[in-house]
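Here's the letter readout for the chains.
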Amino acid sequence: MDNLIGLLFLGLALTAVGLVDVALFRGLTADYLTLSRRSPRSAGARGAIVLIVAGVLAFVLGAAAQNYPEDAPARNGLLLLIALFVLLLGLAFLIGYGATAWSVGERVLQAFGVAEPHPGWCILTASLLIPSVVWIPVFGWALGLYWLATTVGAVVYRLLEGGQPAAAPEPPSQQGN
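Residues numbered from 1 in each chain as written. Predicted model: local features only at pLDDT ≥ 70, side-chain atom pairs only at ≥ 80, totals over all residues. Heavy atoms only, no water.

Colleague: Please clarify how the overall build of the protein chain should be interpreted in this entry.
Modeller: Per the secondary structure count, the protein chain includes six helices and zero strands. Dimensions along the principal axes, computed over C-alpha positions, put the protein chain at roughly 70 × 45 × 30 Å. For the protein chain, with 177 residues in total, the buried portion stands at 33%. The long-range fraction of contacts in the protein chain, counting pairs at least 24 apart against all pairs at least 6 apart in sequence, stands at 72%. When the accessible area of the protein chain is evaluated, it comes to approximately 11,000 Å², of which 70% is carbon and sulfur surface. (Helix = DSSP H or I, 4+ residues; strand = E, 2+ residues; numbered from the N terminus. Buried < 20%, exposed > 50% of the residue type's maximum accessible area, 1.4 Å probe, protein only. Contact = heavy atoms within 4.5 Å. Areas by Shrake-Rupley, 256 points an atom, 1.4 Å probe, with all protein chains shown as cover.)

Right, dumping it as structure tokens:
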């Protein structure tokens, strides 16, 4: 029962992160969404490269930090570098999560017959679906790594390519006032 409650709170936290991404950074989130839709392989490949490089770098710096004595200042510096890389990856995930959740939720809702789903419903759907799918033994973690690589890759792709942000999608018009 505790695992189910933890999964529910994780889904709610991810929903809040995605909604804040879309609400505060609507143009930037739409730009990440456009970049990942335009070239999903490029965004995924860049994200995978960043994750692999960060993992190898953390492993190497961690191994180097273990070789120093406990009181050596270089050990603390190496551990600080590892924490900085983890913090930067976490920040890239938080910034790009709204676009990934929007995309995944939109695909799921369209598969169930919703023609043009609202971004809020897309993010809620994806935020409840992603933590549920990631725990599936064989393909769930691989799908989670793909979503993580795409999320980080869209942010890295946007940072490396630069350019102007894409125009934010227009909200649906209110008809029949």
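Colleague: Quick question: what am I supposed to make of the nonpolar core here?
Modeller: Most often, soluble globular proteins have nonpolar side chains that are buried together. Tyr32, Tyr97, Ala101, Trp102, Ala126, Ile130 and Trp147 are the most contacted members of the largest nonpolar core, which has 21 residues in total. If you list the elements that add at least two residues to this core, you get helix H1 (2–24), helix H2 (26–38), helix H4 (73–111), helix H5 (119–134) and helix H6 (139–161). Among the elements that take part in this core, H4 stands out by supplying seven residues, more than any other. Setting aside residues no more than four positions away along its own chain, Tyr97 makes contact with Leu14, Val17, Gly18, Asp21, Ala126, Ser127, Ile130 and Thr151. (Core = buried A, V, L, I, M, F, W, Y, C linked by side-chain atoms within 4.5 Å.)

Colleague: When you look at the packing of aromatic side chains in this model, what are you seeing that I'm missing?
Modeller: The geometry of an aromatic ring pair comes down to the distance between the two centres and the angle between the two planes. A complete count under the given rule lists one aromatic pair for this structure. Summarising the aromatic geometry, the rings of Phe93 and Tyr97 are spaced 5.4 Å apart at their centres and angled 45° between planes, so their arrangement reads as tilted. Linking Phe93 with Tyr97, this pair stays in helix H4, spanning four residues, or about one helical turn. With relative accessibility at 24%, the residue Phe93 sits in the partly exposed group. (Phe/Tyr/Trp six-rings, centres within 6.5 Å; stacked < 30°, edge-to-face > 60°.)

Colleague: Would you mind showing me how to read H1 here?
Modeller: Within an α-helix, residues lying three or four positions from one another point in the same direction, as the helix has 3.6 residues per turn. With 23 residues, H1 should cover 33 Å at 1.5 Å per step; its first-to-last C-alpha distance of 33 Å lies within 8% of that length. When H1 is considered as a whole, its buried residues turn out to be Gly11, Leu14, Thr15, Gly18, Asp21 and Val22. Residues of H1 that are buried make contact with H2, H4 and H5. (Expected span 1.5 Å × (residues − 1).)

Colleague: Sorry, what's going on with the packing of H1 against H4 here?
Modeller: The axes of two packed helices give the description: the angle between them and the distance between them. At a closest axis distance of 8 Å, the pairing of H1 and H4 adopts a crossing angle of 90°. Classified by the angle their axes make, H1 and H4 are roughly perpendicular. Packed against H1, whose contacting residues are Leu14, Val17, Gly18, Asp21 and Val22, the element H4 presents Phe93, Leu94, Ile95, Gly96, Tyr97, Gly98 and Trp102 at the interface. Classifying every residue of the contact of H1 with H4 gives eight nonpolar, three polar and one charged. (Axes fitted to C-alpha atoms, helices over the stretch in contact; angles between N-to-C directions. Parallel < 35°, antiparallel > 145°, perpendicular 65-115°, else oblique. Nonpolar A, V, L, I, M, F, W, Y, C, P; charged D, E, K, R; others polar.)

Colleague: Help me understand the packing of helix H3 (residues 40–67) against H6 in this model?
Modeller: Running from amino to carboxyl end, H3 crosses H6 at an angle of 100°, the nearest separation of the two axes being 6 Å. When the axes of H3 and H6 are compared, the pair comes out roughly perpendicular. Of the residues in H6, those in contact with Ser42, Ala43, Gly44, Arg46, Gly47, Ala48, Val50 and Leu51 of H3 are Leu148, Ala149, Thr150, Val152, Gly153, Ala154, Val156, Tyr157, Leu160 and Glu161. Here the contact of H3 with H6 is composed, by residue class, of 11 nonpolar, five polar and two charged.

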